[in-house]
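Structural overview
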Amino acid sequence: GAVTLISGLAYLGKKDQVLVVNTANDKNFQYSVLIGLGEKAQNKLDIYRHFGAQAFNLANQKRVKKLAVFLPEDKDFSAKVLLTATLEGLFMARYRFDKYITKDKHEIFIEQVSFVVNDSVKNSKEIISRAKAIAESVCFARDLINEGPWVVNPPALAKMAVKEGKTLGLDVKV
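Anyway, here's the lowdown on the structure attached to this text. (Residues numbered from 1 in each chain as written. Predicted model: local features only at pLDDT ≥ 70, side-chain atom pairs only at ≥ 80, totals over all residues. Heavy atoms only, no water.)

What to know about the overall build of the chain
Assigned secondary structure in the chain consists of 5 helices and 4 strands. Sorting the 174 residues of the chain into buried and exposed places 28% on the buried side. When contacts within the chain are restricted to residue pairs at least 6 apart in sequence, those whose partners lie at least 24 apart make up 62%. (Helix = DSSP H or I, 4+ residues; strand = E, 2+ residues; numbered from the N terminus. Buried < 20%, exposed > 50% of the residue type's maximum accessible area, 1.4 Å probe, protein only. Contact = heavy atoms within 4.5 Å.)

See below:
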């Protein structure tokens, strides 16, 4: 089993330590991947965001279409909170500022992501929507930062704020 396989290796679950096992003989799983979360940190949720990004990037590099993510139990956070943070990282990992790139754009192969958690998680659609909204907001901010000052200047930023506010039903005055 997996424990026997891992016991002979130097995998200790350290932060960013990755173990990829080709399980081509298994019809359901092409690869099994262990991603180390490391020691308990001050901002542990960032570790789960990073974990989500790593899982996405590794799966996408391997051109995996279906990804199953097993979230460990954590006494400090509920499964809902861990799932949200992991999803945020997964969504943010998709980001590339490729507005001005005409060829060789970042291709995404993952079509489906499933999560396995120890506790029952209610309102999964709400969790996904919230994580996606947070990630989209971060990516929007990244786009603003990556644009040149000839594109994102004070008048243009004010116009964007009014436009984004209207989409949310807000009355924005600049």
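Remarks on the packing of helix 3 (residues 79-93) against helix 4 (residues 124-146)
Following both chains from N to C, one finds helix 3 and helix 4 inclined at 40 degrees, their axes separated by 8 Å at the closest point. On the basis of their axis angle, the class for helix 3 and helix 4 is oblique. Like other packed secondary-structure pairs, helix 3 and helix 4 cross with a definite hand, here right-handed. Taken together, the residues of helix 4 that come into contact with helix 3 (itself represented by Lys80, Leu83, Thr84, Leu87, Glu88, Phe91 and Met92) are Glu126, Ile127, Ile128, Arg130, Ala131, Lys132, Ile134, Ala135, Val138, Cys139 and Arg142. Here the contact of helix 3 with helix 4 is composed, by residue class, of 11 nonpolar, 1 polar and 6 charged. (Axes fitted to C-alpha atoms, helices over the stretch in contact; angles between N-to-C directions. Parallel < 35°, antiparallel > 145°, perpendicular 65-115°, else oblique. Left-handed = near helix turned anticlockwise from the far one by under 90°. Nonpolar A, V, L, I, M, F, W, Y, C, P; charged D, E, K, R; others polar.)

Some details on helix 2 (residues 44-61)
A rise of 1.5 Å per residue sets the reference length of helix 2, with its 18 residues, at 26 Å; its end C-alpha atoms lie 26 Å apart and thus fit the reference within 8%. Of all the residues in helix 2, the buried ones are Lys44, Leu45, Ile47, Tyr48, Phe51, Gly52, Ala53, Gln54, Ala55, Phe56, Ala59 and Asn60. Residues of helix 2 that are buried in the fold lie against strand 1 (18-22), strand 2 (31-35), strand 3 (66-70) and helix 3. Where helix 2 terminates, the next one or two residues include Arg63, which has phi positive at roughly 60 degrees. (Expected span 1.5 Å × (residues − 1).)

Focus on a nonpolar patch on the surface
Taken together, the side chains of Val18, Val20 and Val33 define a hydrophobic patch exposed on the protein surface, amounting to about 180 Å² of accessible area. Here Val18 is to be found in strand 1. When its relative accessible area of 34% is taken as the criterion, Val18 is described as partly exposed. (Patch = residues over 30% accessible without salt bridge, like charges linked within 9 Å, V, L, I, M, F, W, Y side chains within 5 Å. Areas by Shrake-Rupley, 256 points an atom, 1.4 Å probe, with all protein chains shown as cover. Salt bridge = Lys/Arg side-chain N within 4 Å of Asp/Glu carboxyl O.)

Some remarks on the nonpolar core
Ranked by size, the top nonpolar core spans 26 residues in total, and within it Tyr48, Phe51, Leu67, Leu71 and Leu87 carry the most contacts. The residues contacting Phe51, other than those within four sequence positions of it, are Ile35, Leu37, Val69, Phe70, Leu71 and Thr86. (Core = buried A, V, L, I, M, F, W, Y, C linked by side-chain atoms within 4.5 Å.)

Section: the environment of Cys139
Here Cys139 is to be found in helix 4. Taking the relative accessible area as the measure of exposure, Cys139 reaches 14% and is therefore buried. Here the alpha-carbon distance between Cys139 and Met92, two residues 47 residues apart in the chain, equals 6.9 Å.

What to know about helix 4
Taking 1.5 Å per residue as the helical rise, helix 4 with its 23 residues ought to reach 33 Å, and the 32 Å between its terminal C-alpha atoms agrees with that figure. Looking at the buried residues of helix 4, the elements they touch are helix 3.

Considering the pattern of salt bridges
According to the stated counting rule, one finds 5 salt bridges in the structure shown. Among the ionic pairs, Arg49 bridges to Asp46, the shortest N-O distance being 2.7 Å. Within this pair, Arg49 and its partner Asp46 are both found in helix 2, separated by 3 residues, close to a single helical turn. The exposure class of Arg49 is partly exposed, given its relative accessible area of 23%. For Glu88, the salt bridge goes to Arg49, with nearest N and O atoms at 2.6 Å. On the criterion of sequence distance, the pair formed by Glu88 in helix 3 and Arg49 in helix 2 is long-range, its members being 39 residues apart.

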